[in-house]
Protein chains: 2
Amino acid sequence: MTEGADGEAARRGGASGRRTARANAPLIQKRYLTREIPLYELLDPAGVELIHDQSMTILEEIGIDFRDEAALGLWRRAGAEVTGERVRIPRQLLLEKLALCPCEFTQHARNPERNVVIGGRNTVFAPVYGSPFVRDFDNRRRYGTLDDLRNFVKLAYMTPCLHHSGGVICEPVDVAVPKRHLDIVYTHMRYSDKPFMGMVTAPSRAEDSVRLAEILFGPAFVAKNAVLLSVTNCNSPLVWDATMLGALTVYARANQAVLVTPFIMAGAMAPAATAGSVAQLNAEVTAGIAYTQLVRPGAPMVYGNFVTSVSMQSGAPMMGTPEPAMMIYMTAQLARKYGLPLRTGGMLTGSKIADAQAAYESMATMIPTLMAGANFVLHSAGWLEAGLTAGYGKFVMDADQVAMMQTFAAGPDLSAEGLAMEAIREVGPGGHYLGCAHTRRNFQSAFHRPEVADNNSFEQWEADGASDANARAVEIAKRMLARYDEFAPALDPAIDEALQDFIARRKRELPDAVT
Amino acid sequence: MTEGADGEAARRGGASGRRTARANAPLIQKRYLTREIPLYELLDPAGVELIHDQSMTILEEIGIDFRDEAALGLWRRAGAEVTGERVRIPRQLLLEKLALCPCEFTQHARNPERNVVIGGRNTVFAPVYGSPFVRDFDNRRRYGTLDDLRNFVKLAYMTPCLHHSGGVICEPVDVAVPKRHLDIVYTHMRYSDKPFMGMVTAPSRAEDSVRLAEILFGPAFVAKNAVLLSVTNCNSPLVWDATMLGALTVYARANQAVLVTPFIMAGAMAPAATAGSVAQLNAEVTAGIAYTQLVRPGAPMVYGNFVTSVSMQSGAPMMGTPEPAMMIYMTAQLARKYGLPLRTGGMLTGSKIADAQAAYESMATMIPTLMAGANFVLHSAGWLEAGLTAGYGKFVMDADQVAMMQTFAAGPDLSAEGLAMEAIREVGPGGHYLGCAHTRRNFQSAFHRPEVADNNSFEQWEADGASDANARAVEIAKRMLARYDEFAPALDPAIDEALQDFIARRKRELPDAVT
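Rules of the game
Residues numbered from 1 in each chain as written. Chains lettered and ligands numbered in written order. Predicted model: local features only at pLDDT ≥ 70, side-chain atom pairs only at ≥ 80, totals over all residues. Heavy atoms only, no water. Helix = DSSP H or I, 4+ residues; strand = E, 2+ residues; numbered from the N terminus. Rg over C-alpha atoms; globule rule 2.2 N^0.38 Å. Buried < 20%, exposed > 50% of the residue type's maximum accessible area, 1.4 Å probe, protein only. Contact = heavy atoms within 4.5 Å. Areas by Shrake-Rupley, 256 points an atom, 1.4 Å probe, with all protein chains shown as cover. Lys, Arg positive; Asp, Glu negative; His and termini not counted. Charge placed at Lys NZ, Arg CZ, Asp CG, Glu CD. Core = buried A, V, L, I, M, F, W, Y, C linked by side-chain atoms within 4.5 Å. Least-squares fit on C-alpha atoms with pLDDT ≥ 70 in both. Polar contact = N/O pair within 3.5 Å; in protein donor to acceptor, adjacent residues only side chain to side chain. Pairing = 2+ DSSP bridges. Axes fitted to C-alpha atoms, helices over the stretch in contact; angles between N-to-C directions. Parallel < 35°, antiparallel > 145°, perpendicular 65-115°, else oblique. Left-handed = near helix turned anticlockwise from the far one by under 90°. Nonpolar A, V, L, I, M, F, W, Y, C, P; charged D, E, K, R; others polar. Salt bridge = Lys/Arg side-chain N within 4 Å of Asp/Glu carboxyl O. Buried area = accessible area lost by both parts, 1.4 Å probe. Phe/Tyr/Trp six-rings, centres within 6.5 Å; stacked < 30°, edge-to-face > 60°.

A. Fine view of the overall build of chain A. Helix and strand counts for chain A come out as 19 helices and 19 strands. Here the C-alpha radius of gyration of chain A, 24 Å, is about what a compact globule of 515 residues would show, namely 24 Å. In terms of overall dimensions, chain A has a C-alpha envelope of 75 × 55 × 50 Å along the principal axes. Taking all 515 residues of chain A together, the buried fraction comes to 66%. Across chain A, every contact between residues at least 6 apart in sequence was considered, and the portion connecting residues at least 24 apart equals 76%. As displayed, chain A offers around 16,600 Å² of accessible surface, 52% of which is attributable to carbon and sulfur atoms. Seen as two clouds, the 50 positive and the 56 negative side-chain charges of chain A have centres 3 Å apart.

Written out as structure tokens, the structure reads:
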């Protein structure tokens, strides 16, 4: 059971030997997760229909606001009832439009081996998104920088079970807001070969994202394939505002994918009720996706949601509580009813630090995310403080759990080797399995071994410095970054130059401050 | 939305106001969890049959050792093939005996309102069991004492979602081993009115547990009703040893319930394979339960298991990894096939402290425990360091999560109030729900609010001392213990005296050291 380089190293030097083995390990990327285990269905079919029906009634009778003239025009022409900014959408019209949206699609990466299929039995994990702060290597909280973003992109690249590079992992606040989107998109293009996200904070920034993608992939390729996957939020309750509609429209027109996502704090932006909140968000997301199909039939869109509840005593958002978990399961069933890929969940927490609260809450969100059948998971790694902070330690710890979820989703091996009857016969009552032939064949792969966990004896753990999990994870992050150059994906220098030329020109054109 | 005492206090004083409100809150115990949501079935029916069939083949062809002459005699008379200590059990005989075991039963408490029903859609949560060490109020690791055990029994009593007082929550190492069982059982009887466990470390200690129960409940009541629920471990692979068989026999004969539990470290005491480990443990537990039905047909028994995998590199047990989670789901399906109540899972971790590792691993075990449909969960609160340590902070944090699981298991409210259509109409696009009539009616109960989580702003959290979750949980534990006397359950002084007399006599009879 100690054959192999890893076993040898472990035998020679315990924890330090294992570190040595890891320090020389190759980087073997993982394909996106494809679920071999059943889904969990919280609602029975009648429950799904009940909520669907309420969402349709909301859109037919209450309506939803689209704060954009062009959007209102499209709805009017499609046959919806438009009064001011209010759009009332008959359910038949809505369902016809949803049916135009593909049930799964490929997001292309510059390395085709990193392409991801969004939909079906697949799950794609992407890092945290949008944090202005970071918890750095000294466990200090400070504003994020472009250096931090670069580090996180490199870490996501170095993490096999993160199949996607994400987007604004942290805000590079050292770059002027009007120019920031250019550096963010470039960082993903340059330092990773995994798929990534476009920017949405203004329609012009979405346009810039598409232009950069055209330089990287070629305009003809971009016209025919999804190479960007972006996220736009509904302004709940029941408002699609001009900024988000602007970005959504740019991407739909360019045939690029969007996570169409109501961001729900139930009790404030949705009712103080679990089912009612789901009915509202289902109306919001289906109206948003139907709109994209008016812009461009067949544009690849994802049924998105981000759900928390608010403490009705303090007004603070709560994560990892039971009601958001129920909402995750319920929205998944609705997305499947419409044949749409699903984005939901993540490793969410309200904790300011990567302590037990952070981990309990993250798992109470992420396990439902997996079991519900989410196809794309934003915030899979690094999230702290209700999303305000991206933590290096949390990033590594979350990714360690995500890797285990990928193993879990493969399900048990029921082959003769998995059933191991021969080993049970060989060992018999009162024996042990440590040296038997079956164990020798399977010891490398039989059981998932986490990276961060310390399962040593108390005495060994004390001798190793009595560290907590976050401290160990931060050290792992440092070691990963130190090895990045070994594995850095090459970028064609001509393309790199063209990207940099475009960015330099746009930076000259753009102001340094938002006016 | 700020009506009610709790809301008032919160409005007046933020965190300190909430503490005040809690300090005056009544203690409202919760009935055991009754699941209103579906189970998760990892295996398809063919998979369940495959593993069942292998277990039956193990018992028929390999056999299992019963290291007790009387037990071997019972098997011989029942028609099994007995060679030395080896018993080979035909599947028909085994299944006939399993069918005698009740599929659900009531464990009685001295307060009938605290009775628990073990089986069916119910889940009963009990504290950690068997830890020699505690993490104390100063976060130091030291040996447990009788004072600690008393504290934990009081904490379990003060925790509404812990429906069961448990057993050896920590080892009172300040009491001599041969006498310890008496103090442990008495502590539960005296300081709680919830159901509790009997001792198993020697048949005579099991007998003493039954005698104490007869004093508390009356011999006639005990003869007819389960008032003790104990745990006996199989010595895997495939050995029932004399000590455990002795205790199992005492309890079966007394018609008292036992968690018949193989304790599996897959890769060492079971094959380095998930499905094979389950096939072996299924053989072990079904043989153990079938044996109890030879002793006394109809004795209430629970299909138990405790599963971890070992790191095939270091030999350390691993918890919260994917394979034990799969095993939890698989054993649940097997228990249901035989119509037996299930014990599995818990808040397990290998971490020495209540850090993020502890919480990630605990949730990666406990969520499957709930979703699999476990009927009795030992180690629901307090477990650290592979069970070697019971932590006060971990106890409170785990219990907070268990309370949320109970809310989750009630499922979403799909009534008109839960769907909140009226509120959505009232608020409409662009509004907010904070003051609407539906919110005012529902703000107290709409969303579960955890006890330990800090969801305040970063600035408020810093002003409050920048504590981690474990530190806050330890403070909550202290406050709970300070309030215990307000709620202490009265014990009839005559019964108390009789218990103490019995214990004094037995302590005089028993030696101070194990010989």
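B. Highlighting the nonpolar core. Within the largest apolar cluster, 370 residues are counted, with the highest numbers of intra-cluster contacts made by F66, W75 and Y303 of chain A together with F66, W75 and Y303 of chain B. Excluding residues within four positions of it along the chain, F66 of chain A makes contact with A71, L72, W75, E85, V87, W240, L245, A287 and Y291 of chain A.

C. Structural context of the relation of the copies chain A and chain B. Laying chain A over chain B is done by rotating through 180° and shifting 0.0 Å along the axis; what remains is an RMSD of 0.0 Å. Here the copies are linked by what is in effect a two-fold axis. Residue A356 of chain A of chain A places its C-alpha closer to the rotation axis than any other residue of that unit, at 2.2 Å. Of the interface residues in chain A, 100% have counterparts in chain B that sit at the interface too, so the contact is made through matching surfaces.

D. Up close: helix 3 (residues 69-78) of chain A. All names here are of chain A. Looking at helix 3, one finds that the buried residues are A71, L72, G73 and W75. You can read the cap of helix 3 off the contacts: a side-chain oxygen lies 3.2 Å from the backbone nitrogen of A70, and it is on D68. One or two positions beyond helix 3, positive phi appears at G79, with a value near 110°.

E. Expanded view of the sheet that holds strand 8 (residues 133-135) of chain B. All names here are of chain B. Read from one edge to the other, the open sheet built from four strands follows the order 9-8-19-18, with strand pairing classed as mixed. Because the sheet does not close on itself, it has two edges, and the strands there are strand 9 (141-143) and strand 18 (383-384). With three bridges connecting them, strand 8 and strand 19 (residues 389-391) associate as parallel partners. The residue bridging V134 from the neighbouring strand is A390, located in strand 19.

F. The side chain of T344 of chain B, seen in detail. Residues and elements named next belong to chain B. You can see T344 is positioned in the loop between strand 16 (342-343) and helix 12 (356-372). In terms of polar contacts, T344 uses its side chain to reach the side chain of N305, at 2.7 Å. Beyond its immediate chain neighbours, meaning those up to four positions away, T344 contacts N305, I328, T331, T369, A374, F376 and V377.

G. Structural detail: the packing of helix 9 (residues 242-253) of chain A against helix 10 (residues 274-295) of chain A. Residues and elements named next belong to chain A. For the pair helix 9 and helix 10, interaxial distance at closest approach is 9 Å and the crossing angle is 50°. Taken as axis vectors, helix 9 and helix 10 run oblique relative to one another. Handedness of the crossing formed by helix 9 with helix 10: right-handed. Contacts from L245, L248, T249, A252 and R253 in helix 9 reach G288, Y291, T292 and V295 in helix 10. Class assignment for the residues of the contact of helix 9 with helix 10 results in five nonpolar, three polar and one charged.

H. Quick look at the pattern of salt bridges. Counted by the stated rule, this structure contains 66 salt bridges over all chains. For R142 of chain A, the salt bridge is made with D148 of chain A, and the minimal N-O distance between the two is 2.7 Å. A salt bridge links E417 of chain B to R441 of chain B, with the shortest nitrogen-to-oxygen separation between them at 2.7 Å. Within this pair, whereas E417 of chain B is found in helix 14 (residues 416-419), its partner R441 of chain B is found in helix 16 (residues 437-442), the two being separated by 24 residues in sequence. Taking relative accessible area as the criterion, E417 of chain B reaches 27% and is therefore assigned partly exposed. When salt bridges with common partners are traced through the structure, they connect D136, D138, R140, R142 and D148 of chain A into a single cluster.

I. Spatial organisation of the environment of A471 of chain B. Residue and element names in this part refer to chain B. Position of A471 among the secondary structure elements: in helix 18 (residues 469-487). Taking relative accessible area as the criterion, A471 reaches 33% and is therefore assigned partly exposed. Sequence separation of A471 and V87 is 384 residues, and the distance between their C-alpha atoms is 52 Å.

J. Just unusual backbone geometry, in detail. For the bond running from S236 of chain A to P237 of chain A, omega is 0°, close enough to zero to count as cis. Mapping P237 of chain A onto the fold places it in the loop between strand 10 (229-234) and strand 11 (239-240). Residues other than glycine seldom take positive phi values, yet N255 of chain B does so here, at roughly 65°. Within the element layout of this structure, N255 of chain B appears in the loop between helix 9 (242-253) and strand 12 (257-266). With a phi angle near 55°, A420 of chain B is a residue other than glycine that sits in the positive phi range. Mapping A420 of chain B onto the fold places it in the loop between helix 14 and helix 15 (421-427).

K. Local environment of the sheet that holds strand 11 (residues 239-240) of chain B. Residue and element names in this part refer to chain B. The four strands are arranged 3-4-2-11 in an open sheet whose pairing can be described as mixed. For this open sheet the edge positions go to strand 3 (81-83) and strand 11, each flanked by a neighbour on one side alone. Relative to strand 11, strand 2 (residues 64-66) runs parallel, the two being bridged by two bridges. When the bridges of strand 11 are listed, D65 appears paired with V239. Where helix 2 (residues 45-62) meets the sheet, its contacts fall on strand 2 and strand 4 (86-88), and the angle it forms with strand 4 comes to roughly 125°.

L. The interface of chain A and chain B, seen in detail. Of the residues lining the interface, 122 residues belong to chain A; the matching set on chain B comes to 122 residues. Of all residues in chain A, Q313, Y360 and F447 of chain A give up the largest surface area on contact with chain B, accounting jointly for 10% of the area buried on that side. There are four salt bridges connecting chain A and chain B. For the salt bridge of E61 of chain B with R425 of chain A, the shortest nitrogen-to-oxygen distance reads 2.7 Å. The tally of links between chain A and chain B comes to 30 residue pairs in polar contact (both at pLDDT 80 or more).

M. Just the pairing of strand 5 (residues 104-107) of chain B, in detail. Residues and elements named next belong to chain B. Every second residue of strand 5 is oriented toward a common face, the buried set being F105 and Q107 and the non-buried set E104 and T106. As defined by bridge partners, strand 5 adjoins strand 6 (residues 116-119) across four bridges and the pair is classed as antiparallel. When the bridges of strand 6 are listed, E104 appears paired with G119.

N. Inspection of the environment of G315 of chain A at higher detail. Residue and element names in this part refer to chain A. Following the sequence through the fold, G315 ends up in the loop between strand 14 (306-310) and strand 15 (317-318). Here G315 falls in the partly exposed class, since its relative accessible area comes to 36%. For the pair G315 and G431, spaced 116 residues apart in the sequence, the C-alpha separation amounts to 58 Å. When near neighbours in sequence (up to four residues on either side) are disregarded, G315 contacts M265 and V310.

O. Representation of the pairing of strand 12 of chain B. Residues and elements named next belong to chain B. For strand 12, the tally of buried residues reaches nine of 10 residues, placing the bulk of the element in the interior. Bridge analysis of strand 10 (residues 229-234) against strand 12 gives six bridges, and the strand direction is parallel. Counted as the bridge partner of V231 is L259 from strand 12. Two elements, strand 12 and strand 13 (residues 301-304), share three bridges in a ladder whose sense is parallel. Directly across from V258, in strand 13, lies its bridge partner M301.

P. Structural view of the packing of aromatic side chains. Residue and element names in this part refer to chain A. This structure, assessed with the given rule, holds 28 aromatic pairs over all chains. Seen in terms of ring centroids, F263 and F306 are 4.6 Å apart; in terms of plane orientation they differ by 5°. Their pairing is stacked. On the criterion of sequence distance, the pair formed by F263 in strand 12 (residues 257-266) and F306 in strand 14 is long-range, its members being 43 residues apart. According to the relative accessible area criterion, F263 is partly exposed, its value standing at 30%. Judged by its relative accessible area of 3%, F306 is buried. On the numbers, 5.6 Å between centres and 40° between planes, the contact of F306 with W383 is tilted.

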